[in-house]
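# Structural features, examined
Here are the chains, one letter per residue:
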Amino acid sequence: MSLRHVPSDNCLICQGEQEVVIGIHERGPHERMHDYKRVLFCAACDIGELRAFSYDDFVVFGEEEDVMVWSAVVGAEDVERLRSLFACLAPLNHQCGCAQHVRAYDTSIRAAKTLLPEYGPDRHSPAGRTTVSIGVTDGLAEFC
Ligand SMILES: [Zn+2]
Ligand SMILES: [Zn+2]
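What you see is a predicted model; the values in this text were computed from it and never measured. Along each chain, residue indices are assigned from 1 in the same order as the chain's sequence is written. Whichever chain is written first is A, and whichever ligand is written first is 1; the rest continue in order. Where totals are concerned, whole chains, interfaces and linings use all residues; where local detail is concerned, this predicted model gives features only for residues with pLDDT of at least 70, and gives and counts side-chain atom pairs only at 80 or more.

### Comments concerning the pairing of strand β2 (residues 33-42)
Where burial is concerned, most of β2 is hidden: eight out of the ten residues are buried. Should DSSP find at least two bridges between two strands, the strands are regarded as paired. Under the DSSP-based scheme used, a helix requires at least four consecutive residues in state H or I and a strand at least two consecutive residues in state E, with every element numbered from the N terminus. Relative to β2, strand β1 (residues 19-27) is paired through seven bridges, and the arrangement is antiparallel. Within β2, the residue paired with I22 across the bridge is V39. Here β1 hands over to β2 after five residues, with G28 in that stretch at a positive phi of 90 degrees. In this sheet, strand β3 (residues 47-56) lies alongside β2 in antiparallel orientation, the contact comprising ten bridges. Bridged to F41 within β3 is G48. Count of turn residues in the β2/β3 antiparallel hairpin: four residues, of which D46 carries a positive phi of about 55 degrees. Residues with at least 20 other C-beta atoms within 10 Å of their own are called buried, those with 12 or fewer are called exposed, and the rest are partly exposed. The C-beta atoms themselves are positioned from the backbone.

Okay, structure coming up:
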């Protein structure tokens, strides 16, 4: 993996480091692929996000980007709701396969996220992002 493929979880607004609130799912990092979904929070900006990162070196050149990053805003109040509602004792464990983690994974895929530019001067611009909120169904927190 070349340096430009090292994922950045920094805040899209202030570029500062973010706290990982929930580690939803991760595969890798492997040499030629890495993807994850997690919820991040920037204390400085008081705003969170649902971030999905995908690096796939096997894509056919020119057909698809090898790195794709999606993000959706999660408001500070919803981040707090997520912290208190997340029904798993290992919220940072991307590998956990409990019902809560599965629910978070399934609903994070369906949640409307914005594909961020990966290259060029607008790299990871926060402009135009959708917002997702946190709901709870059958005792499990979910993105909606
Ligand atoms: Zn920030
Ligand atoms: Zn779990």
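Still more ground to cover, so stick around.
### Overview of the nonpolar core
By definition, a nonpolar core groups buried Ala, Val, Leu, Ile, Met, Phe, Trp, Tyr and Cys residues that connect through C-beta atoms lying within 7 Å of each other. Core analysis: the biggest nonpolar cluster contains 22 residues, and V21, I22, V39, L50, V74, L82 and V132 have the highest contact counts within it. Residue assignment for this core shows that the elements contributing at least two residues are β1, β2, β3, β4 (67-75), α1 (76-85) and β7 (140-143). Considering each element in turn, this core owes the most residues, four residues, to β2. Counting residues in hydrophobic clusters, the runner-up holds seven residues, among them Y36, V69, W70 and L116.

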